[in-house]
Amino acid sequence: MSRDKIGVDQWVEQYDQRVSRAKGIQGFIEQTSRRLPVWGWLICLVVLGALLPVATTNSFAIRIAGNIALMGILALGLNVVAGYAGLLDLGFIAFYGIGAYVYAYLSSDFTGIHFPTWATLIIIVVVSTLFGLLLGSPSLRLIGDYLAIVTLGFGQMFVQLTTSLTRVDLPGRDKPVDLTGGPNGIVNLDPLSIFGLKATTVVHYYLILLIVFAISILIIYHLYKSRVGRAWRALREDELAAQAMGMPNHRLKLQAFAIGAAFAGFSGGLFAAWQGSVFPSNFDTTLLITVYAIIVLGGLGSLPGVVLGAVIMIAVPDILRNAPLAGTLFYIGVIVTLFSVIKPRWQAIVLIVAIAIFGFILRAVLVGANPDAFTTLKPVGALISDTVRSWLPIPNNAMVVGNYGFAILIILVLAVSRIKRPLWRLAALVPTLYLLLFVWETRLVAEPSITRLLFVGVLLIVLMIYRPNGLLGQRRVEIA
Amino acid sequence: MDVFLQQLPQLLINGLTLGAVYALIALGYSMVYGVLQLLNFAHGDVYMIGAFIGYFVMVAFLPPDGPIIAPVLIIIFMMLLAMLGCGVLGVVIEQFAYRPLRNAPRIAPLISALGVSFFIQNAVQLTLTAKFRNYETEKLIAPGLAFDFGNARLSVTRALVIVTAIVLMIILQYLIRRTKLGKAMRAVAIDREAAAMMGVNVDQVIVFTFFIGSALAGAAGVLTGIVFTRIYHFMGFSAGLKGFTAAVLGGIGNIPGAMLGGFILGLTETFAVVFISSTYKDIVAFIVLIIVLLLRPRGLLGARIAQKV
């Protein structure tokens, strides 16, 4: 604003500029997303999603897609608790587990009870909501971070109880009773059945999950726009101010907690039906962190963010299991990152060329000095990976060297991030990225399950530092 | 009742050993929380790294066979290197993962801390694999060595753990109560901005806090290795949770509270194992925590301060 206007509050006037709009492709997406109503998006989502089983019969792909929808539902629930109400609930997965176990109790030979699906699902929602209230009502009185520890403890207790409640002396029974099946879980659960139709294949479950996901988004969206939703956001921004405005803080928090728990329980029930069994290990901390990563990645409180976050967090780790695909994706990712981070763009090209030359020189020197110490890696059947593999000098004890390389890589990355001069930094990136490629080919590609968790860890740190509001979060201006 | 009285001294010894380890971990949590109001979820993993540093130092110094020269020196060396290594690690974590987020919304450093924790665990699993490793304590300290008190036996290993932990706590108390740095730390904990205005170098204080807290975690890691022998990449998670619980129990941000909380938790768990069942010891610990928090929302020794706006 060049000039002050009379009678107009500058702060209000400049609102649009402060909620800064991105330009280019990102801006286009943001603009369109504002224009299209939410049900329009949902129809797009469902139609596009429903096309997947038509397009491919690959059950692996459909399974991943189903998993995305399932995790999406779970993340929507967490989004209410952590994203809207701002409560750091680290016991959230326990509600998911409660839902799954209730489903298992009500539809298996373990208890001998076989309820119809609709009744089971209703009971699941009621029970998990009750548990949400039960945990919430005492612990929400705690101040700030104390909530995190109590809920984390609750989550751990759930896993431990389900693992260990196998020989419990109940009054009125002679023998100890097995309440949870222990680490072996409860197996052979009934499939979901709706109006007499049984869901048996992956495609059925995928479609069910997709529709439930869409409906959940719709519910949460309206919740977000409602009076309660606004109150939650006010609570998240400033608890004291919200209270001063007459908001019933405790009740609002409890509502958020219960609704989150209900969604988690429901998705847990669907999960149990889909997997056909439940085990305590399904509800461990890895899942908790994955779900947090989903909502944080997309942007706390953002609904499209949940969809995006679920796609990235579930699809990427699964893709990592497939070495050729993982390799290609990794290299594309590295190149895209380089081009988007390094400005001007030609420097990125120079960098890539420099790495290639550096690699050739290093290879010539090392292999020239001691040709017996080097070997070649088996090609994986993907163009970029195989090119890189034949270009890298691979020592005979690749695993050990790769491990040391990984340790050095961490130090190099930390050091590079500290270099202030752009040119120096560019120069330092050459050996760093070279080492990254080396470690990727020797170690990371070989250990997909560890790599995905490393990836989650790095992602959480980097994202928090560079985009604390997530990929699709509203870029807020902090008022000091 | 007689059985109970006979068991009591031994249980106290075992509980104190466990409690000493918990207390050392809790101190790091509490100190960091005191100056930054940050729950450092990566603290448990720093402790795990400490156990591994101690292990590798021990492997490097233990001859494969033959007599061991100066086992005491080896133990001291293990402790010192683990404390130094963990201290540096803590400072690095602070520099790279928490410092850029100092003015971010409160949830951001928490998530970042979860990320650090995940990263460290999996980096260790990648490079050192997931297998268990065992401290060869019996080579350093003869297993038979013990003090007998009628019903109870205090092995030298356990005595070492308890004494070391208490010595470290006394040093820490001296550092915080008597030195200039400690004064600065307390000032930052009370009001960071005011301390900065009075000429306290806040960044430096935070770095020192992380260094000391992480070094204590490293010491706890080595002590765990010495007394319970088995170490692995995931040990930091449950130990971190316990340390955290202990810190909260005593009143987070409160140094004597963390020690008290650690010992109470250690004793509770030991008694729970004997009188209830070993499978429920963690659950008992959490139930105790929840009860304490409901009765005293700021922990046992936590100050009851009015919230400022």
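Keep in mind that what you see is a predicted model, and the values were worked out from it rather than measured.

1. Overview of the overall build of chain A
Right, on to step 1. Counting its secondary structure elements, chain A contains 20 helices and 6 strands.
Right, on to step 2. Its C-alpha atoms give chain A principal-axis dimensions of about 80 × 75 × 45 Å.
Right, on to step 3. Per-residue burial for chain A yields a buried fraction of 39% across its 480 residues.
Right, on to step 4. The contacts of chain A with a sequence gap of at least 6 include a subset with a gap of at least 24, amounting to 73%.

2. Observations regarding the overall build of chain B
Right, on to step 1. On a plain count of helices and strands, chain B comes out with 12 helices and 4 strands.
Right, on to step 2. Rg of the C-alpha trace for chain B: 20 Å, near the compact-globule value of 19 Å for 309 residues, within the 12% margin.
Right, on to step 3. Along the first, second and third principal axes, the C-alpha atoms of chain B reach 60 × 50 × 40 Å.
Right, on to step 4. Within chain B, the proportion of its 309 residues that are buried is 51%.
Right, on to step 5. When contacts within chain B are restricted to residue pairs at least 6 apart in sequence, long-range pairs at least 24 apart make up 78% of them.

3. Description of the confidence of the model for chain B
Right, on to step 1. Averaged over every residue, the pLDDT of chain B is 87; residues scoring 70 or more account for 97%.
Right, on to step 2. The secondary structure element of chain B with the lowest average pLDDT is strand β2 (residues 146-149) of chain B, at 78, and the one with the highest is helix α9 (residues 202-228) of chain B, at 94.

4. Re helix α10 (residues 235-250) of chain B
Every α-helix winds through 3.6 residues per turn, so residues three or four apart in the chain are directed the same way.
Residues and elements named next belong to chain B.
Right, on to step 1. The terminal C-alpha atoms of α10, which comprises 16 residues, lie 23 Å apart, in line with the 22 Å expected from a rise of 1.5 Å per residue.
Right, on to step 2. By the criterion of burial, α10 is predominantly enclosed, with 14 of the 16 residues buried.
Right, on to step 3. Where α10 terminates, the next one or two residues include Gly251, which has phi positive at roughly 105°.

5. Concerning the confidence of the model for chain A
Right, on to step 1. Mean pLDDT over chain A: 83, with 91% of residues reaching 70 or higher.
Right, on to step 2. Highest mean pLDDT in chain A belongs to helix α6 (residues 92-106) of chain A (93); lowest belongs to helix α2 (residues 15-18) of chain A (60).

6. Overview of the pairing of strand β3 (residues 152-155) of chain B
Right, on to step 1. Pairing of β2(B) with β3(B) involves 4 bridges; the strand directions are antiparallel. When the sheet's bridge partners are listed, B:Phe147 is paired in β3(B) with B:Leu154.

7. Description of the interface of chain A and chain B
One widely used convention gives an interface's size as the accessible area the parts lose upon coming together.
Right, on to step 1. Tallying the contact residues gives 40 residues for chain A and 38 residues for chain B.
Right, on to step 2. Breaking the side of chain A that touches chain B down by element, the ones donating at least two residues are α8 (146-164), α13 (285-298), α18 (398-418) and α20 (448-466) of chain A.
Right, on to step 3. A per-element tally of the side of chain A that touches chain B places α8(A) first, with 11 residues.
Right, on to step 4. Tallied by class, the residues present in the side of chain A that touches chain B amount to 29 nonpolar, 7 polar and 4 charged.

8. Here we look at the packing of helix α7 (residues 117-139) of chain A against helix α12 (residues 249-275) of chain A
Residue and element names in this part refer to chain A.
Right, on to step 1. For the pair α7 and α12, the least separation of the axes is 7 Å and the interaxial angle reads 140°. As judged from the angle between their axes, α7 and α12 are oblique. Taken as a pair, α7 and α12 cross one another with a handedness that is right-handed. Here α7 contributes Thr120, Leu121, Ile124, Val125, Val127, Ser128, Thr129, Phe131, Gly132, Leu133, Gly136 and Ser137 to the contact with α12, which in turn contributes Leu254, Phe257, Ala258, Gly260, Ala261, Ala262, Ala264, Gly265, Phe266 and Gly269.
Right, on to step 2. The residue makeup of the contact of α7 with α12, split by class, is 13 nonpolar, 9 polar and no charged.

9. What about α7(A)?
All names here are of chain A.
Right, on to step 1. When the terminal C-alpha atoms of α7 are compared, their 33 Å separation across 23 residues agrees well with the 33 Å that a helix rising 1.5 Å per residue should span.
Right, on to step 2. Along α7, the residues classified as buried are Thr117, Thr120, Leu121, Ile124, Val127, Ser128, Thr129, Phe131, Gly132, Leu135, Gly136 and Ser139.
Right, on to step 3. Those residues of α7 that are buried lie in contact with α6, β1 (107-108), α8, β3 (193-194) and α12.

10. Re the nonpolar core
Residue and element names in this part refer to chain B.
Right, on to step 1. With 226 residues, the main nonpolar core has Ala23, Leu24 and Ala219 as its most contacted residues.
Right, on to step 2. Counting residues per element, this core draws most heavily on helix α1 (residues 2-36), at 17 residues.
Right, on to step 3. Excluding residues that lie within four positions of it along the chain, Leu24 makes contacts with Ala165, Leu168, Leu216, Ala217, Ala219 and Ala220.

11. Quick word on the environment of B:Phe52
All names here are of chain B.
Right, on to step 1. Following the sequence through the fold, Phe52 ends up in helix α2 (residues 43-61).
Right, on to step 2. Spatially, the C-alpha atoms of Phe52 and Ile107 are 30 Å apart, while their sequence positions differ by 55 residues.
Right, on to step 3. Each residue touching Phe52, except ones within four places of it in the same chain, is listed here: Val124 and Ile231.

12. Observations concerning unusual backbone geometry
Right, on to step 1. Positive phi is not limited to glycine here, since A:Asn188 has a value of about 55°.
Right, on to step 2. With respect to the helices and strands, the residue A:Asn188 is situated in the loop between α8 and β3.
Right, on to step 3. With 11 C-beta atoms counted inside 10 Å, the residue A:Asn188 sits in the exposed group.
Right, on to step 4. Phi is positive for B:Gln37, which is not a glycine, with a value near 55°.
Right, on to step 5. Structurally, B:Gln37 can be placed in the loop between α1 and α2.

13. With respect to the environment of A:Ala82
All names here are of chain A.
Right, on to step 1. For Ala82, the location among the structural elements is in helix α5 (residues 59-84).
Right, on to step 2. Each C-alpha atom, one on Ala82 and one on Leu287, is 16 Å from the other, the two residues being 205 residues apart in sequence.
Right, on to step 3. With near-sequence residues (within four places) excluded, Ala82 lies in contact with Leu87, Leu88, Asp89, Ile295 and Leu300.

Conventions adopted
Sequence order as written defines the numbering, with residues in each chain counted from 1. Here every chain gets a letter starting at A, and every ligand a number starting at 1, in the order they are written. Whole-chain, interface and lining totals are the exception, using all residues; otherwise, since this is a predicted model, local features are given only for residues with pLDDT of at least 70 and side-chain atom pairs are given and counted only at 80 or more. Every helix listed is a DSSP run of H or I at least four residues long, and every strand listed is a run of E at least two residues long, numbered separately from the N terminus. Exposure classification rests on a simple neighbour count of other C-beta atoms within 10 Å of a residue's own: a residue reaching 20 or more is buried, one at 12 or fewer is exposed, and one in between is partly exposed. C-beta atoms are placed from the backbone. Any residue pair is listed as a contact if its two C-beta atoms, each placed from the backbone, are within 7 Å. The quantity called the radius of gyration is restricted to C-alpha atoms. Its globule counterpart is 2.2 Å times the number of residues to the power 0.38. A score between 0 and 100, pLDDT records how confident the predictor is in each residue. Between the first and last residue of a helix there are one fewer steps than residues, each counted as 1.5 Å, and that sum is the expected span. DSSP bridges decide pairing: two strands pair if at least two such bridges lie between them. Side-chain classes follow a simple rule in which Ala, Val, Leu, Ile, Met, Phe, Trp, Tyr, Cys and Pro form the nonpolar group, Asp, Glu, Lys and Arg form the charged group, and the remainder, Gly included, forms the polar group. A fitted line through C-alpha atoms serves as each axis, taken over the contacting stretch for helices, and the angle formed by two N-to-C directions is quoted from 0 to 180°. In this scheme, roughly parallel covers angles under 35 degrees and roughly antiparallel covers those over 145, while 65 to 115 is roughly perpendicular and the rest are oblique. Throughout, a crossing is termed right-handed when the near helix is turned clockwise from the far one, and left-handed when it is turned anticlockwise from it by less than a right angle. Any nonpolar core is a set of buried residues, restricted to Ala, Val, Leu, Ile, Met, Phe, Trp, Tyr and Cys, that join up through C-beta atoms within 7 Å.

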